[in-house]
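# What the coordinates show
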Amino acid sequence: MTERAMQESTLLLLTALADAPRHGYALIKEIDAISGGRVAMRTGTLYGALDRLLQQGLIEVAAEEVIDGRARRSYALTGAGRDVLATEAERLRAVAAEAQRRLGGPAAHTRRALA
């Protein structure tokens, strides 16, 4: 997964799980918050992605409970998931830093605006 850019939905899901385990509905809300409302993950997409990340060993089921007769699972990052997310975050940081450098950085932009 680290050889190519991570899909945004995967990045958002792993990020949403980085600080605490969450169940499906909480993940949908957290992804909405992280993306500033730009990404509205549908239930089918979410659970397909969760199944894939479970198979890849990047997340695990943290808890299962029955509420109103329905099973509810909470998911958490595994150590491997945390490592993959950290690697992707560093890759994105490096790309953003290079973009800023090539654009002249925030200070250069401010100097041009004042000139």
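Structure: above.
Before going into details, it helps to say that this report is about the structure given with it. Given the structure is predicted, the values throughout are model-derived calculations rather than measurements. (Residues numbered from 1 in each chain as written. Predicted model: local features only at pLDDT ≥ 70, side-chain atom pairs only at ≥ 80, totals over all residues. Heavy atoms only, no water.)

## A word on the overall build of the protein chain
To keep things clear, this is the line we draw: Under the scheme used here, helices are H or I runs from DSSP no shorter than 4 residues and strands are E runs no shorter than 2 residues, and both carry numbers assigned from the N terminus. Between buried and exposed lies partly exposed: a residue is buried under 20% and exposed over 50% of the maximum accessible area for its type, with that area taken using a 1.4 Å probe on protein chains only. Contacts are assigned to residue pairs that have any heavy atoms within 4.5 Å of one another. For accessible areas, the Shrake-Rupley method is used with a probe of radius 1.4 Å. Any residue's cover is judged against the shown protein chains and nothing else.
In terms of helices and strands, the protein chain carries 5 helices and 3 strands. Helices (α) and strands (β) of the protein chain occur, in sequence order from the N terminus, as α-β-α-α-β-β-α-α. Residue burial in the protein chain is summarised as follows: out of 115 residues, 30% are buried. Of the contacts made within the protein chain by residues no fewer than 6 positions apart, 47% connect residues no fewer than 24 positions apart. By element, 53% of the accessible surface of the protein chain is carried by carbon and sulfur atoms, the whole surface being about 7,500 Å².

## A look at the layout of surface pockets
Rules: In this analysis a 1.4 Å probe is tested at points of a 1 Å grid over the protein atoms alone, and where it fits but cannot get out there is a cavity; an open set with protein on both sides within 12 Å along at least five of seven lines is a pocket; lining residues have an atom within 4 Å of a point. Grid points are joined across faces, edges and corners, and a volume is the space filled by probe spheres set on the points. Note on residue classes: Ala, Val, Leu, Ile, Met, Phe, Trp, Tyr, Cys and Pro are nonpolar, Asp, Glu, Lys and Arg are charged, and everything else, Gly too, is polar.
In this model, the largest pocket occupies a volume close to 260 Å³. Put simply, the parts of the chain that give the lining of the largest pocket at least two residues each are α2 (24-34) and β3 (70-77). With 5 residues, the single largest contributor to the lining of the largest pocket is β3. Its residues assigned to classes, the lining of the largest pocket comprises 5 nonpolar, 2 polar and 4 charged.

Keep in mind that these numbers describe shape and distance, not what the molecule does.
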